[in-house]
Amino acid sequence: MTETLQISQLGDPALRQIALPIDNVHDEEVKRLIDSLMTTLVSSNGVGIAAPQVAVPYQLLIVASRPNLRYPNAPTMSPTVMINPRLLSHSQEKVKDWEGCLSIPGIRGLVPRYRAIAVEYTTLDGTIQQQTLTDFVARIFQHEFDHLSGLVFLDRIESTQDLVTEQEYLKRIVSTPADLK
Ligand code: ZN
C-alpha cells in the first residue's frame, strides 16, 4: 500500500509554482509519485489531481472522473495519468459549471471552461498520446492543467458571486433535480 500524501492548501506557495517537465517517465521516483497521487486521489474523493498539489513541482496530472461523495453526477472513466500534458486546441465555446479543489476545501465555484479540447501527453509507458476531451472530463483536465502553471479555479471565476460554500452547494445544487436548475 502506498502512502497518502498531504495536499497543499491555498496559501501554500507550492500551489503557485510553475511545474517542470519530467525527463524520464521510467524513473522510480516518478512511478512512486504516481502511485501515491493515485492513492491520495481515491482516499480524498477527488476526480483529478496534479503533482503541485502535493508540493512536487512536476508536470504530472491524473484525470479520474467517477461518481463519488464530492461529485455524485460525474461520468465514469478509467484513471488516466498524463505526463508533460499540453493543450493543443480548444472549442470557441465555453461553459460554466461547478468545481471544487482538494487544495481549497469547503468552497465551490462556477468556472468557465472550454467545452471541448484536444490534448497531448506522455503516457506511463513513455508514448505520446493525443486525445479529444469534452464536457466534464475536459473541465477536469483544464482545472488540473492550471495547477501546473500555478493557477487555481478561483483565478478563473467571473464574479465572487459565483462562489458558494460546500454545504450550500450540496444543499442547493446537487440535491436539485436537473430540470429545476
Ligand atoms: Zn484543484
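It should be noted that the structure appears before, not after, this text.
Reading the values: rules and limits
- Residues numbered from 1 in each chain as written.
- Predicted model: local features only at pLDDT ≥ 70, side-chain atom pairs only at ≥ 80, totals over all residues.
- Heavy atoms only, no water.
- Pairing = 2+ DSSP bridges.
- Helix = DSSP H or I, 4+ residues; strand = E, 2+ residues; numbered from the N terminus.
- Axes fitted to C-alpha atoms, helices over the stretch in contact; angles between N-to-C directions.
- Contact = heavy atoms within 4.5 Å.
- Phe/Tyr/Trp six-rings, centres within 6.5 Å; stacked < 30°, edge-to-face > 60°.
- Lys NZ or Arg CZ within 6 Å of the ring centre and 35° of its normal.
- Buried < 20%, exposed > 50% of the residue type's maximum accessible area, 1.4 Å probe, protein only.
- 1 Å grid on protein atoms, 1.4 Å probe; cavity = no way out; pocket = protein on both sides within 12 Å on 5 of 7 lines; lining within 4 Å.
- Points joined across faces, edges and corners; volume = space filled by probe spheres on them.
- Nonpolar A, V, L, I, M, F, W, Y, C, P; charged D, E, K, R; others polar.
- Donors = N, O, S within 2.8 Å, 3.2 Å for Na, K, Ca; no water.

Chemist: Help me get a handle on the sheet that holds strand β8 (residues 163–165), residues and values and all.
Modeler: Taken in spatial order, the 3 strands make up an open sheet running β4-β5-β8, and their pairing is antiparallel. The sheet terminates laterally at β4 (94–99) and β8, the two strands that pair on one side only. Geometrically, the sheet is characterised by an average inter-axis angle of 30 degrees between neighbouring strands, direction not taken into account. Both β4 and strand β5 (residues 107–114) contribute to a ladder of 6 bridges, which runs antiparallel. In the strand pairing of β5, Lys 96 is matched with Pro 112. Where helix α2 (residues 135–147) meets the sheet, it contacts β4 and β5, and its direction lies at approximately 105 degrees from that of β5.

Chemist: Quick one: what's the story with the packing of aromatic side chains, residue by residue and with numbers?
Modeler: On inspection of all chains with the given rule, the structure shows 3 aromatic pairs. Arg 108 extends its terminal NZ or CZ atom over the ring of Tyr 71, reaching a point 4.7 Å from the ring centre.

Chemist: Quick one: what's the story with the environment of Tyr 114, residue by residue and with numbers?
Modeler: Tracing the backbone through its elements, the reader meets Tyr 114 in strand β5. A relative accessible area of 21% means that Tyr 114 is categorised as partly exposed. Sequence-wise, Tyr 114 and Thr 76 are 38 residues apart; in three dimensions their C-alpha atoms are separated by 20 Å. Setting aside residues no more than four positions away along its own chain, Tyr 114 makes contact with His 90, Ser 91, Glu 93, Lys 94, Ala 138 and Gln 142.

Chemist: An account of empty space enclosed by the protein is requested, with residue identities and associated values reported.
Modeler: Counted under the stated rule, the structure contains 1 cavity of 30 Å³ or more. Lining of the largest cavity is provided by 16 residues; of these, Val 47, Tyr 71, Gly 100, His 143 and Glu 144 occupy positions nearest its centre. When contributions to the lining of the largest cavity are tallied by element, the ones reaching two or more residues are β4 and α2. Ranked by residues supplied to the lining of the largest cavity, first place goes to α2 with 5 residues. The residue inventory of the lining of the largest cavity, partitioned by class, reads 7 nonpolar, 5 polar and 4 charged.

Chemist: Which residues make up the coordination of the zinc ion, and what values go with them?
Modeler: Donor atoms from the polypeptide that coordinate the zinc ion comprise Cys 101 (SG), His 143 (NE2) and His 147 (NE2), at 2.1 to 2.2 Å from the metal. Taken in chain order, the donor set of the zinc ion reads C-x41-H-x3-H. Here His 147 lies in helix α2 and Cys 101 lies in the loop between β4 and β5, a separation of 46 residues in the sequence. Relative accessible area serves as the criterion here: at 1%, His 147 is assigned to the buried category.

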